[in-house]
Each structure stands twice: as structure tokens, then as C-alpha cells.
Amino acid sequence: MSNIVDPLVRQIADRVRTERERRRWTLAQLADASGVSQAMISRIERGESSPTAVVLGKLSAAFQLSVSSLLALAEGTAEGTQDDSGDSAGVRRQADAAEWRDPDTGYRRRQITGPQFPAEIAEIHLPAGARVPYPAAAFAFVRQLVWVLDGHLTFHDGDTVHELDAGDTVELGDPTPRVFVNTTDDDCRYAVILTRTTQP
């Protein structure tokens, strides 16, 4: 698995630095905006540390991007999937798809669509016992749907808790803190489908 994950860690490092520099932010400014320490951001940007799902959510929120957007941009830019016209249409083989793994929980995320596709789709494997929280800002400017493919997902949407089984979907409303939890002894697999509503 390391031959799949390691290049994506480098791509994420480059994308985080690019997004920070595009905003002309210092490390200190990104740290203030995200709640992630300067030291951790520096290690991530140098490719010395793989961000956890929680850290990735905080950085995405600071950039007013979804986690899917940040990963899709990282993958698309580094893999050279975009030509000069910005067209990334074509077949994407599963064997060639980069998969990001949370070093803390083992949560695995694979981008299904490329950065030019108008909707963002990601496939997530949430291991037994895993809990992944995201801040409300990570859901700004997007409409999102969660579709459980296998297993059981306990989904906290602000103060509301949804118990979702295979085939169940939940369409999300206004941004609120959200937590994805697998309370079972088996893996849960779900898809996240989102569209951007307004450019930040």
C-alpha cells in the first residue's frame, strides 16, 4: 500500500503549500485560520508527515475547500491528468487511482472524479471503531450527499445523529460540525458526492 499512499502524501504537501501561497498566507496565518500548529503544517508541506483526517479537514476548512476538493486538486495537479484545455475526460482505472490513508484511524479515501468534473465523488472505507470529525467550515460552499455502500455508519450532523445502513443516503444542509463513526466490528464503505454552490 505504501507505493500508493506515499506519492499522494507528496502531492498533498505540494497542494497545501500552493493553496497557502496563493492566498499569500504565512505559516502563522494558516495556523491561526486552521487551528493546526505551524510545526505540523511545516512538516506536512515538506512531505515529512502525512496529515490525519482531522488535520486535513481543518486545513481544507481554512482554505474554504472540501476535503474532496483538496485531494482532487492534489491528485490532478501532480498526476498531470489535466491537459492545456483543462479537460480530464477519459477512463480512470482503479489500479491507477491514488488512495489516501489516515495514519491515525486507517480511514481510506479514494477520489473517483478528477478536479475538472462538476461534481466531486469520493469512496471512503471507515474501519471498525473509527471516528472522524470535521469542522463546519469544511462543508461551506458545498451541497453534499453521503451514500452508504456497505456496512453501518453512525453519522453526526450537528446535534442530529443518523444511523445509516447499506443503501441509505443523507443529503446535508447548512454547514455544521459533522462526525463519521463506525461503531461496528466490520468496515463501513460509503460514497461522498458533492457539488460546489459558491466560489469562496
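Residues numbered from 1 in each chain as written. Predicted model: local features only at pLDDT ≥ 70, side-chain atom pairs only at ≥ 80, totals over all residues. Heavy atoms only, no water.

A. Seen up close, helix α2 (residues 27-34). Within α2, burial applies to L30, A31 and S34. Projected down its long axis, α2 carries its buried residues within an arc of 105 degrees, all on one side. (Buried < 20%, exposed > 50% of the residue type's maximum accessible area, 1.4 Å probe, protein only. Helix = DSSP H or I, 4+ residues; strand = E, 2+ residues; numbered from the N terminus. Arc of directions from axis to C-beta.)

B. Quick peek at the packing of aromatic side chains. In the structure shown here, the tally under the stated rule is six aromatic pairs. Ring geometry for Y134 versus F139: centroids 6.3 Å apart, planes at 80 degrees, classification edge-to-face. Take Y134 and F139: they sit in the same class, and that class is buried. Ring pairing ties together the aromatic residues Y134, F139, F155, F180 and Y190, which thus form one cluster. Positioned above the aromatic ring of F139 is the side chain of R178, whose terminal nitrogen or guanidinium carbon lies 4.6 Å from the ring centre. (Phe/Tyr/Trp six-rings, centres within 6.5 Å; stacked < 30°, edge-to-face > 60°. Lys NZ or Arg CZ within 6 Å of the ring centre and 35° of its normal.)

C. Geometry of the pairing of strand β7 (residues 160-165). Both strand β6 (residues 152-157) and β7 contribute to a ladder of six bridges, which runs antiparallel. Counterpart to D157 in the pairing with β7 is T160. Once β6 ends, the chain turns through two residues before running back antiparallel as β7, passing G158 with a positive phi of about 65 degrees. (Pairing = 2+ DSSP bridges.)

D. Representation of the pattern of salt bridges in the model. Under the defined criterion, the tally for this structure stands at 13 salt bridges. We note a salt bridge from R10 to D14, for which the minimum N-O separation is 3.1 Å. Of the two residues, R10 and D14 are both situated in helix α1 (residues 2-22); the distance of four residues between them amounts to about one turn of the helix. The exposure class of R10 is partly exposed, given its relative accessible area of 33%. Among the salt bridges present, the one from R178 reaches D157, with a minimum N-O distance of 2.7 Å. Of this pair, R178 sits in strand β9 (residues 178-181) while D157 sits in strand β6, and the two are 21 residues apart along the sequence. (Salt bridge = Lys/Arg side-chain N within 4 Å of Asp/Glu carboxyl O.)

E. Summary view of the packing of α2 against helix α4 (residues 53-62). Relative orientation of the contacting elements α2 and α4 amounts to 105 degrees, with a least axis distance of 8 Å. With respect to each other, α2 and α4 are oriented roughly perpendicular. Listed contacts from α4 to L30, A33 and S34 of α2 are K58, L59 and A62. A breakdown of the residues in the contact of α2 with α4 according to their chemical character gives four nonpolar, one polar and one charged. (Axes fitted to C-alpha atoms, helices over the stretch in contact; angles between N-to-C directions. Parallel < 35°, antiparallel > 145°, perpendicular 65-115°, else oblique. Contact = heavy atoms within 4.5 Å. Nonpolar A, V, L, I, M, F, W, Y, C, P; charged D, E, K, R; others polar.)

F. Quick peek at the sheet that holds β6. What the four strands build is an open sheet, ordered β4-β9-β6-β7; its pairing is antiparallel. Of all strands in the sheet, those bounded by a partner on one side alone are β4 (131-134) and β7. Neighbour to neighbour, the strand axes of the sheet diverge by 15 degrees on average, direction disregarded.

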